[in-house]
Amino acid sequence: MASPSEVVAVDLTETERDFISQALEQWALAASVMPFPFQVLGLSTWDEFGELTFRLGHAVTAREPLTDLDWARVLYLTECSWASEIVGAG
């Protein structure tokens, strides 16, 4: 198993990268007014949440490798943003 700090490159298509980027961008747009429990990501403030979603979205678009934890965050935030009308942009 990889170390939690080891970076991993995931081979995504442009369509997949665009989808993830748009889903993460929703946290600054439509989903920004929703009561997302950012504490589950180990964060303390909404500012940290905004910085995280921006960093992850940029990294995915730029094809940068991320840690396993950050890939898990990307997946979780994408799913919440896209599918949830309670805490995302649904």
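Anything mentioned here points back to the structure above.
Quick look at the structure, then. (Residues numbered from 1 in each chain as written. Predicted model: local features only at pLDDT ≥ 70, side-chain atom pairs only at ≥ 80, totals over all residues. Heavy atoms only, no water.)

Looking at the overall build of the chain
At step 1: When its secondary structure is counted, the chain shows three helices and two strands.
At step 2: Rg of the C-alpha trace for the chain: 13 Å, near the compact-globule value of 12 Å for 90 residues, within the 12% margin.
At step 3: Its C-alpha atoms put the chain at 35 × 30 × 20 Å along the principal axes.
At step 4: Per-residue burial over the chain gives 36% buried out of 90 residues.
At step 5: Sequence-distant contacts, at least 24 apart, represent 61% of the contacts inside the chain between residues at least 6 apart.
At step 6: Only carbon and sulfur atoms are counted for the fraction: they give 60% of the accessible area of the chain, which is about 5600 Å².
At step 7: Averaging the coordinates of the 4 positive side-chain charges in the chain and doing the same for the 14 negative ones gives two points 4 Å apart. (Helix = DSSP H or I, 4+ residues; strand = E, 2+ residues; numbered from the N terminus. Rg over C-alpha atoms; globule rule 2.2 N^0.38 Å. Buried < 20%, exposed > 50% of the residue type's maximum accessible area, 1.4 Å probe, protein only. Contact = heavy atoms within 4.5 Å. Areas by Shrake-Rupley, 256 points an atom, 1.4 Å probe, with all protein chains shown as cover. Lys, Arg positive; Asp, Glu negative; His and termini not counted. Charge placed at Lys NZ, Arg CZ, Asp CG, Glu CD.)

Considerations on the packing of aromatic side chains
At step 1: Summed over all chains, the structure comprises seven aromatic pairs.
At step 2: A ring pair is formed by tryptophan 27 and phenylalanine 49, whose centres lie 5.4 Å apart and whose planes are at 85°; its orientation type is edge-to-face. Of this pair, tryptophan 27 sits in the loop between α1 (14-25) and α2 (46-61) while phenylalanine 49 is found in helix α2, placing the two residues 22 residues apart along the sequence. Across the pair, phenylalanine 49 and tryptophan 27 agree in class, each one buried.
At step 3: Judged by centre distance (4.8 Å) and plane angle (65°), the ring pair of phenylalanine 38 and tryptophan 46 falls under edge-to-face.
At step 4: Under the relative-accessibility criterion, phenylalanine 38 is labelled buried at 6%.
At step 5: The exposure class assigned to tryptophan 46 is partly exposed, which follows from its relative accessible area of 42%.
At step 6: Site record: aromatic cluster; members linked through ring pairs are Trp27, Phe36, Phe38, Trp46, Phe49 and Tyr76. (Phe/Tyr/Trp six-rings, centres within 6.5 Å; stacked < 30°, edge-to-face > 60°.)

What about α1?
Side chains that are three or four residues apart share a direction in an α-helix, a result of its 3.6 residues per turn.
At step 1: A rise of 1.5 Å per residue sets the reference length of α1, with its 12 residues, at 16 Å; its end C-alpha atoms lie 16 Å apart and thus fit the reference within 8%.
At step 2: Here the buried face of α1 lies against α2 and α3 (68-83). (Expected span 1.5 Å × (residues − 1).)

A closer look at the nonpolar core
Generally speaking, a soluble globular protein has its nonpolar side chains buried in company with each other.
At step 1: Core analysis: the biggest nonpolar cluster contains 20 residues, and Trp27, Phe36, Phe49 and Leu77 have the highest contact counts within it.
At step 2: Elements with a contribution of two residues or more to this core: α1, α2 and α3.
At step 3: With residues near it in sequence (within four places) discarded, leucine 77 still touches Leu24, Trp27, Phe36, Leu41, Phe49, Leu52, Thr53 and Leu56. (Core = buried A, V, L, I, M, F, W, Y, C linked by side-chain atoms within 4.5 Å.)

Observations concerning the side chain of threonine 78
At step 1: With respect to the helices, strands and loops of the structure, threonine 78 is situated in helix α3.
At step 2: Not counting chain neighbours up to four residues away, the residues in contact with threonine 78 comprise Phe19, Ile20, Ala23 and Leu24.

So far we have only geometry, and geometry alone does not tell us how the molecule works.
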